[in-house]
2 protein chains.
Amino acid sequence: MKHLARVRIAGLGTYLPDAIVRNVELGKKLGVPDGWIEKVTGVVERRRAGGETTAQMAAAAVRNALDDAEAELDEVELIIGASAAPQQLIPCSAAFVQRELMAPAGKSACFDVGATCLSFLVALHLASLYIHSGKYRCVVIASSELTSFALNPSHPESAALFGDAAAAAVLKPTRKGESSAVGHYALSTFSSGAHLTELRGGGTFRHPNDPCTTPEDNTFSMDGPAVLRMALETMPGFFKAFLEQAGSVREDYDFIIPHQASRRGLEVMRRALGLNRDRMFINLERRGNCIAASIPLALAESRSAGLLQRGQRVLLLGTGAGLTLGALELIF
Amino acid sequence: MKHLARVRIAGLGTYLPDAIVRNVELGKKLGVPDGWIEKVTGVVERRRAGGETTAQMAAAAVRNALDDAEAELDEVELIIGASAAPQQLIPCSAAFVQRELMAPAGKSACFDVGATCLSFLVALHLASLYIHSGKYRCVVIASSELTSFALNPSHPESAALFGDAAAAAVLKPTRKGESSAVGHYALSTFSSGAHLTELRGGGTFRHPNDPCTTPEDNTFSMDGPAVLRMALETMPGFFKAFLEQAGSVREDYDFIIPHQASRRGLEVMRRALGLNRDRMFINLERRGNCIAASIPLALAESRSAGLLQRGQRVLLLGTGAGLTLGALELIF
């Protein structure tokens, strides 16, 4: 690892809705046989939000992250909303998070970053740039995903794959005596795959008020096998270049947190990249794919489980709609 | 001006739809008397997209910006989508811009930044951080706004205010002998004003498939007088702190490009901040408020008009939904 910015994930926090939806119940609703969901997605249970809003979930995760960082709300200078779906189109979700937190008016800047499942990864690198440049000393990233109306029950594979969750991180400059740092980062988009993972509605193309827009346009659609094929074609080259530019080798990483795409996606990618299974953290089975919240949730849960530890060299990586590949290395 | 990053707006480009909608025609549709629209908004005519998509408009602007920068498409390492409304919810609009441009697969990273009307300003500062840090050497920002279904004809003030346009900028490191730089930047959100300017639909809160969502939820709504009041309360203090932190005084700026909010907003703000009218560029009358495309469009048009010139000290500033205040100084 070289190119290290002395920036630290000072705190992590999560919010999980209470309601657990298990495969037996969901399988009945989706009309698929017993065992089908787990076999196809790798998910056994997932959370589903009740009345919580995206911003309420995000704010709850941020509060926990601030506690974990032993940071005060009025230290926060920037709130980055980093979710696939916003609370509403205007204003940005980060502004609603500021409001939910009752953070001091005018003290923090708010904007959103959108790279679907990789939004947190992009935001984490941005936060490290801000802090490294001296612009801000306390940045909060909030990823919050609430899938209720966006899943298409006629596509059981994706309807069963996703879970609701929020997760947040507090970023600060690394203090004397601490080794935490953010290292190399790469993001690469192959837009010939833009339509392989999409939600056509919600913007100008299939506007909700356009009579041509169908309810299906407002739900998530995915050509799973084609995405996997494309990821397999592009990821090994991307990862090789990442390691070269980082000045790292696979074995340097004590801990690997992949985006929790799907069991098959994780396993195929692990083998293609030659990653050590014992160093990878997987929470897909109990959380589902929590979209942009997936990576920070895995960071927080692996830390709570005592697996992720200070000083470890960590690799975050994954694919997102776009098709975009992303990776970031850090010393936790 | 201090804190200068040697980053240069190497090129600017725009795209304007052909169709011009004049007040006479629009006033009839909206049921308002002759002269009302201009008096209330300051807009005389605005463009309206026909069949163009958000991404097609953005890509056309990017091509022009690349030409202006004498840059090749395969130099582009990052495409930031910086619009209030995306093309569709997933994937990010930047990925669709990469596809429209037929930019080399995998060569550029794509993600979106969302801060409504200030999205370009936020993206411009981000681009300067990336370039200053050495991460990228060629960044493209594309702002593209297409308002067709998002305007509420029962609110003639906002329905007449907005215009469709796209504008793009190419950012590169400043070369030897050039003085271009990006200086101080500030962004500040007052989320008690989050609902003063909003579009409730398009996200999880009023999802298009939620039976509770009304067509009005999917259109833009604004409490103009309340926004103006809040901006007047917050902007003078924000601007004073901006100047202090920048080590600048008003008179340092040769040229001021405000977000083209509305005629009244511009005039009230100008007086409150003590800005010199002769140094401000206004294209509201013929373009309308083009949301996030407003600032880069004004940059490009003032440059084409011979007003904005290399070496000038420029101030960009404005307010956006959130309520967010933003300002950035640069040497063009």
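Position labels on residues start from 1 in each chain and follow its written sequence. Whichever chain is written first is A, and whichever ligand is written first is 1; the rest continue in order. Restriction of local features to residues with pLDDT of at least 70 applies here, the model being predicted, together with a cutoff of 80 or more for giving and counting side-chain atom pairs; totals for whole chains, interfaces and linings are based on all residues.

(A) Quick look at the overall build of chain A. Note on conventions: DSSP H or I runs of at least 4 residues are helices, E runs of at least 2 residues are strands, and numbering of each starts at the N terminus. Of regular secondary structure, chain A possesses 10 helices and 13 strands. Here the C-alpha radius of gyration of chain A, 19 Å, is about what a compact globule of 332 residues would show, namely 20 Å. Dimensions along the principal axes, computed over C-alpha positions, put chain A at roughly 55 × 45 × 35 Å. The contact criterion used here is simple: two residues whose C-beta atoms, placed from the backbone, lie within 7 Å are in contact. By sequence separation, contacts in chain A at least 24 residues apart represent 78% of the contacts at least 6 residues apart. Radius of gyration: C-alpha atoms only; globule rule: 2.2 Å multiplied by the number of residues to the exponent 0.38.

(B) Up close: the nonpolar core. A set of buried Ala, Val, Leu, Ile, Met, Phe, Trp, Tyr and Cys residues, joined through C-beta atoms within 7 Å, is what we mean by a nonpolar core. Counting other C-beta atoms within 10 Å of a residue's own tells you its class, since 20 or more makes it buried, 12 or fewer makes it exposed, and anything in between is partly exposed; those C-beta atoms are placed from the backbone. Membership of the largest hydrophobic core comes to 236 residues, with the highest contact counts inside it found for Ile80 and Ile141 of chain A together with Ile80 and Ile141 of chain B. Leave out the neighbours within four places in its chain, and Ile80 of chain B touches Ala94, Phe111, Val113, Ala123, Leu126, Ala127, Val139 and Ile141 of chain B.

(C) Looking closely at the interface of chain B and chain A. Taken together, the contact between chain B and chain A spans 62 residues of the former and 62 residues of the latter. Going through the elements one at a time, α4 (93–101), β5 (109–114), α5 (119–132), β8 (181–189) and β9 (197–198) of chain B are the ones with two or more residues in the side of chain B that touches chain A. Ranked by residues supplied to the side of chain B that touches chain A, first place goes to β5 of chain B with six residues. Asp, Glu, Lys and Arg are counted as charged, while Ala, Val, Leu, Ile, Met, Phe, Trp, Tyr, Cys and Pro are counted as nonpolar; the rest, among them Gly, fall into the polar class. Each residue belonging to the side of chain B that touches chain A can be placed in one class, and the counts come to 31 nonpolar, 25 polar and six charged. In short, DSSP must find at least two bridges between two strands for them to pair. Pairing analysis gives three bridges linking strand β5 (residues 109–114) of chain A to β5 of chain B, with the strands arranged antiparallel. Each bridged residue has a counterpart across the sheet, and for Gly114 of chain A the counterpart in β5 of chain B is Asp112 of chain B.

(D) Layout of the sheet that holds strand β13 (residues 324–331) of chain A. Residues and elements named next belong to chain A. As summarised here, the arrangement of the four strands in space is β8-β13-β12-β11, forming an open sheet in which the pairing is mixed. In the strand order of this sheet, the two ends are held by β8 (181–189) and β11 (255–258), each with one partner. The average undirected angle you get between the axes of adjacent strands in this sheet is 10°. Where β8 meets β13, seven bridges bridge the pair, whose relative direction is antiparallel. Its bridge partner being in β13, Ala181 is matched across the sheet by Ile331. Axes here refer to lines fitted to C-alpha atoms; in helices the fit is confined to the stretch in contact. Angles between the N-to-C directions go from 0 to 180 degrees.

(E) Layout of unusual backbone geometry. Ile90 of chain A connects to Pro91 of chain A through a cis peptide bond whose omega is -5°. For Pro91 of chain A, the position within the fold is in the loop between β4 (78–81) and α4 (93–101). Across the junction of Gly322 of chain B and Leu323 of chain B, the peptide omega takes the value -15°, indicating a cis bond. In this structure, Leu323 of chain B sits in the loop between β12 (313–320) and β13 (324–331). One non-glycine residue, Thr116 of chain A, lies in positive phi territory at about 50°. Along the chain, Thr116 of chain A falls in the loop between β5 and α5 (119–132). In the Ramachandran plot, Ile291 of chain A falls in the positive-phi region, its phi being about 50° despite a non-glycine side chain. Mapping Ile291 of chain A onto the fold places it in the loop between α9 (284–287) and α10 (294–304). Judged by C-beta crowding, with 32 C-beta atoms within 10 Å, Ile291 of chain A ranks as buried.

(F) Spatial organisation of the relation of the copies chain B and chain A. A residue counts toward the fit only if its pLDDT is at least 70 in both copies, and the copies are then superposed by least squares on the C-alpha atoms of those residues. Relative to chain A, chain B is turned by 180° and slid 0.0 Å along the rotation axis, the superposed coordinates differing by an RMSD of 0.0 Å. The relationship between the two copies is best expressed as a two-fold rotation axis.

(G) Spotlight on α10 of chain A. All names here are of chain A. With nine of its 11 residues buried, α10 lies for the most part within the structure. Residues of α10 that are buried include every one of Ser294, Ile295, Pro296, Leu297, Ala298, Leu299, Ala300, Glu301 and Ser302, and no others. Gly306 sits one or two positions beyond α10 and adopts a positive phi of about 80°.

(H) View of helix α10 (residues 294–304) of chain B. Most of α10 of chain B sits out of view: 10 of its 11 residues are buried. Ser294, Ile295, Pro296, Leu297, Ala298, Leu299, Ala300, Glu301, Ser302 and Arg303 of chain B are the residues of α10 of chain B that are buried.

(I) Region of the structure containing the pairing of β13 of chain A. Residues and elements named next belong to chain A. Burial analysis of β13 places eight of its eight residues in the buried class, which makes it a mostly covered element. Both faces of β13 are covered, namely the face carrying Thr324, Gly326, Leu328 and Leu330 and the face carrying Leu325, Ala327, Glu329 and Ile331. As paired strands, strand β12 (residues 313–320) and β13 are joined by eight bridges and run antiparallel to one another. Residue Arg313 lies in a different strand from β13, and its bridge partner there is Ile331.

(J) Representation of the confidence of the model for chain A. The predicted model of chain A has a mean per-residue pLDDT of 96, with 100% of residues at 70 or higher. Reported confidence for the predicted complex is 0.97 by ipTM and 0.97 by pTM. Confidence scores labelled pLDDT are given residue by residue by the predictor and lie between 0 and 100.

(K) Structural detail: the sheet that holds β8 of chain B. Residue and element names in this part refer to chain B. Strands sit in the order β8-β13-β12-β11 across an open sheet of four strands; the sheet is mixed. Two strands in the sheet have a free side with no partner beyond their single neighbour: β8 and β11 (255–258). With direction set aside, neighbouring strand axes in the sheet form an average angle of 10°. Where β11 meets β12, four bridges bridge the pair, whose relative direction is parallel.

(L) Representation of the domain arrangement of chain A in the model. Residue and element names in this part refer to chain A. Domain parsing of chain A yields domain 1 (7–173) and domain 2 (181–331). For domain 1 versus domain 2, the distance between C-alpha centres works out to 15 Å. In this assembly, 41 residues from domain 1 lie in contact with 39 residues from domain 2. Contributing elements (two or more residues each) for the side of domain 1 that touches domain 2: β1 (7–15), β3 (45–47), α5, β6 (139–145), α6 (156–161) and β7 (165–173). No other element matches α5, which puts seven residues into the side of domain 1 that touches domain 2. Of the residues belonging to the side of domain 1 that touches domain 2, the class tally is 22 nonpolar, 15 polar and four charged. Residue ranges labeled as domains rest on an automatic or database domain assignment.

(M) Examining the packing of helix α7 (residues 224–246) of chain A against helix α8 (residues 263–273) of chain A more closely. Residues and elements named next belong to chain A. Relative to each other, α7 and α8 sit at 35°, their axes nearing to 10 Å. Once α7 is placed against α8, the crossing between them reads as right-handed. Between α7, through Leu228, Ala231, Leu232, Met235, Pro236 and Phe239, and α8, the contact on the second element is made entirely by Arg264, Gly265, Val268, Met269, Ala272 and Leu273. Class assignment of the residues belonging to the contact of α7 with α8 gives a composition of 10 nonpolar, one polar and one charged. Crossing handedness is defined as follows: a turn of the near helix away from the far one that is anticlockwise and smaller than a right angle gives a left-handed crossing, while the clockwise case is right-handed.

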